[in-house]
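# Understanding the architecture of this molecule
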Amino acid sequence: MVSLNKEAEREGLSVADQIALQDASLRRSMADRIVRAFIQANAVILVALGALVALDEFSIWFRLVSPGDRIITPQVFMTLLGATTVQVGTIPVIIARYLFPGRSRDG
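This is a predicted model, so every value here is computed, not measured. (Residues numbered from 1 in each chain as written. Predicted model: local features only at pLDDT ≥ 70, side-chain atom pairs only at ≥ 80, totals over all residues. Heavy atoms only, no water.)

### Concerning a nonpolar patch on the surface
A cluster of nonpolar side chains, namely Leu-52, Leu-55, Phe-58, Trp-61, Phe-62, Leu-64 and Ile-71, defines an oily patch on the protein surface of about 760 Å² accessible area. Locating Trp-61 in the fold gives a position in helix H2 (residues 15–61). (Patch = residues over 30% accessible without salt bridge, like charges linked within 9 Å, V, L, I, M, F, W, Y side chains within 5 Å. Areas by Shrake-Rupley, 256 points an atom, 1.4 Å probe, with all protein chains shown as cover. Salt bridge = Lys/Arg side-chain N within 4 Å of Asp/Glu carboxyl O. Helix = DSSP H or I, 4+ residues; strand = E, 2+ residues; numbered from the N terminus.)

As C-alpha cells, then:
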C-alpha cells in the first residue's frame, strides 16, 4: 500500500497538495466504511426476513396458524420492498453529497 506522506515527500508536493491528498484518503476511507456498514445492515435485514419467512412456513406446516395469519403478508413485503428502494436510492446520494461536496458556485 502506498503511503500518502511518503509519496508527497518523494514528489515534493506543496502543503496544500499534501492536505488535498490526505483529504482524499480520508474521504475514500469513510466511503469504504459507510458502504461496508450499508451492506452489512442490509444483509442483517435479509437474514431476518428469511427467518420470518421460515417461521411462517413452520407455523403453517404444523398448523399453528392459518395461512391468513402469516407474519410476512403481501403488505409487509411491499412495505419492505418500498423501504429498500428508498434506502438504495437516497442514502448513497446523501452520503456522496456529504463526502464529495461540489464546488461552490460563488467562487
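### Topic: the confidence of the model for the chain
Residues of the chain with pLDDT of at least 70 account for 85%, and the chain-wide mean is 80. Within the chain, helix H1 (residues 4–11) has the poorest average pLDDT of any element, 66, and H2 the best, 85. (pLDDT = per-residue confidence, 0-100.)

### Description of the pattern of salt bridges
Opposite charge on two side chains permits pairing when their charged atoms draw close. The full count for this structure, using the stated rule, is two salt bridges. For Asp-23, the salt bridge identified is with Arg-27, shortest N-O distance 3.0 Å. In this pair, Asp-23 and Arg-27 both sit in helix H2, four residues apart, roughly one turn of the helix. Here Asp-23 falls in the partly exposed class, since its relative accessible area comes to 33%. You can call Arg-27 partly exposed: its relative accessible area is 22%. When the shortest N-O distance is used, the salt bridge between Glu-57 and Arg-70 registers 3.3 Å. Placement of the pair is Glu-57 in helix H2 and Arg-70 in the loop between H2 and helix H3 (74–99), with a sequence separation of 13 residues. (Buried < 20%, exposed > 50% of the residue type's maximum accessible area, 1.4 Å probe, protein only.)

### Some remarks on the side chain of Ser-59
Within the secondary structure layout, Ser-59 lies in helix H2. Here Ser-59 falls in the buried class, since its relative accessible area comes to 12%.

### As for the packing of H2 against H3
Each pair of packed helices gets described by two things: the angle between the helix axes and the distance between those axes. The geometry of H2 relative to H3 is characterised by a closest axis approach of 11 Å and an angle of 170 degrees between their N-to-C directions. In terms of orientation, H2 and H3 fall into the roughly antiparallel class. On H3, the residues that touch Arg-27, Met-30, Ala-31, Ile-34, Phe-38, Asn-42 and Leu-49 of H2 are Leu-80, Gln-87, Val-88, Ile-91, Ile-95, Tyr-98 and Leu-99. Looking at side-chain class alone, the contact of H2 with H3 contains eleven nonpolar, two polar and one charged residues. (Axes fitted to C-alpha atoms, helices over the stretch in contact; angles between N-to-C directions. Parallel < 35°, antiparallel > 145°, perpendicular 65-115°, else oblique. Contact = heavy atoms within 4.5 Å. Nonpolar A, V, L, I, M, F, W, Y, C, P; charged D, E, K, R; others polar.)

### A few points about unusual backbone geometry
For Arg-63, which is not a glycine, the phi torsion comes out positive at approximately 55 degrees. Within the secondary structure layout, Arg-63 lies in the loop between H2 and H3. According to the relative accessible area criterion, Arg-63 is exposed, its value standing at 75%.

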